[in-house]
Amino acid sequence: MTQPVSPVAGDGQAPEHATLDLETFLPYRLSVLTNHISRGLADIYSERFGISVTEWRVIAVLGRDRGLSANEVAERTAMDKVAVSRAVARLLERELLLRGMHDSDRRRSVLALSPAGEAVYDVVAPLALEYQQRVMAPLDADERATLLRLMDKLEASLAG
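In every chain, residue numbers begin from 1 and rise along the written sequence. For this predicted model, a pLDDT threshold of at least 70 governs which residues receive local features, and a threshold of 80 or more governs which side-chain atom pairs are given and counted, while totals over whole chains, interfaces and linings are taken from all residues. Remark: hydrogens and water are excluded; side-chain values derive from all non-hydrogen atoms of the structure.

## A word on the layout of surface pockets
Thinking step 1. The calculated volume of the largest pocket comes to roughly 2100 Å³.
Thinking step 2. Looking at the lining of the largest pocket, the elements that each hand over two or more residues are α1 (26-49), α2 (53-64), α3 (70-77), α5 (115-136) and α6 (141-159).
Thinking step 3. Put simply, Ala, Val, Leu, Ile, Met, Phe, Trp, Tyr, Cys and Pro go in the nonpolar bin, Asp, Glu, Lys and Arg in the charged bin, and everything else, Gly too, in the polar bin. Residues belonging to the lining of the largest pocket are distributed by class as follows: 28 nonpolar, four polar and seven charged. Detection works on a 1 Å grid of protein atoms alone, calling trapped sets that fit a 1.4 Å probe cavities and calling open sets with protein on both sides within 12 Å along at least five of seven lines pockets, with lining residues defined by an atom within 4 Å of a point. Grid points are joined across faces, edges and corners, and a volume is the space filled by probe spheres set on the points. Where helices and strands are cited, they refer to DSSP runs of H or I of at least four residues and of E of at least two residues respectively, numbered from the N terminus.

## Considerations on the pattern of salt bridges
Thinking step 1. Any Lys or Arg side-chain nitrogen found within 4 Å of a carboxyl oxygen on Asp or Glu counts as a salt bridge. Taken as a whole, this structure holds four salt bridges when the rule is applied.
Thinking step 2. Across the pair Arg-64 and Asp-65 runs a salt bridge, and its minimum N-O distance is 2.8 Å.
Thinking step 3. Among the ionic contacts, a cluster of salt bridges with common partners joins Arg-64, Asp-65 and Arg-76.

## Some points on unusual backbone geometry
Thinking step 1. A positive phi angle is found at Ala-78, which is not glycine, with a value near 55 degrees.
Thinking step 2. Here Ala-78 is to be found in the loop between α3 and α4 (81-93).
Thinking step 3. Positive phi is not limited to glycine here, since Glu-95 has a value of about 60 degrees.
Thinking step 4. In this structure, Glu-95 sits in the loop between α4 and β1 (97-101).
Thinking step 5. You can call Glu-95 exposed: its relative accessible area is 58%. Think of it in three bands: residues with accessible area under 20% of the maximum for their type are buried, residues over 50% are exposed, and the middle band is partly exposed, with areas taken using a 1.4 Å probe on protein chains only.

## Here we look at the packing of α1 against α5
Thinking step 1. With their axes 10 Å apart at the nearest point, α1 and α5 run at an angle of 150 degrees to one another. Comparing the axis directions of α1 and α5 gives the class roughly antiparallel. The crossing of α1 and α5 is right-handed. For the pair α1 and α5, the contacting residues are His-36, Ile-37, Gly-40, Leu-41, Ile-44, Tyr-45, Arg-48 and Phe-49 in the first and Val-120, Val-123, Val-124, Leu-127, Ala-128, Tyr-131, Arg-134 and Val-135 in the second.
Thinking step 2. Across the contact of α1 with α5, the residue classes tally to 12 nonpolar, two polar and two charged. Note on definitions: angles span 0 to 180 degrees between N-to-C directions of axes, and those axes are lines fitted to C-alpha atoms, for helices only across the stretch in contact. For classification, angles of less than 35 degrees are called roughly parallel, those exceeding 145 degrees roughly antiparallel, those between 65 and 115 degrees roughly perpendicular, and all remaining angles oblique. Each crossing is labelled by how the near helix is turned from the far one, with a counterclockwise turn of less than a right angle marking it left-handed and a clockwise turn marking it right-handed. Residue contacts follow a heavy-atom distance rule, with two residues in contact if any of their heavy atoms lie within 4.5 Å.

See the structure below:
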């Protein structure tokens, strides 16, 4: 028979464990910041076009790089393949994407924005750039450059 576990030790003190200061823990801080930024940007396109964050990311990648497979989209966005696959299925169903065959490898399907998907991209991309300017406004030009350089450095260290 198992005993219930009390969240507080018998002396009223919390059990001893490692302390994680979330205010200085990089993964937590980046996650919170990303969630705030993504939510603010999602307000721009979700209400108007009814697309999710994942769907917008697929559209954004294919707006820049046409003819990618779903796996390549997942790699470029660092998103889960299943989440990308679901987003692609929804976008295909809504006719915002087209699926075709790769020119040299007929076994490989590739994705592209449909004319309707391009229209969404053409409206949302400038709004996303405006939103980015508002988010970055508290930083001066040197701080923006430093932030991008530091992000590149962290991404490179994690990729290797």
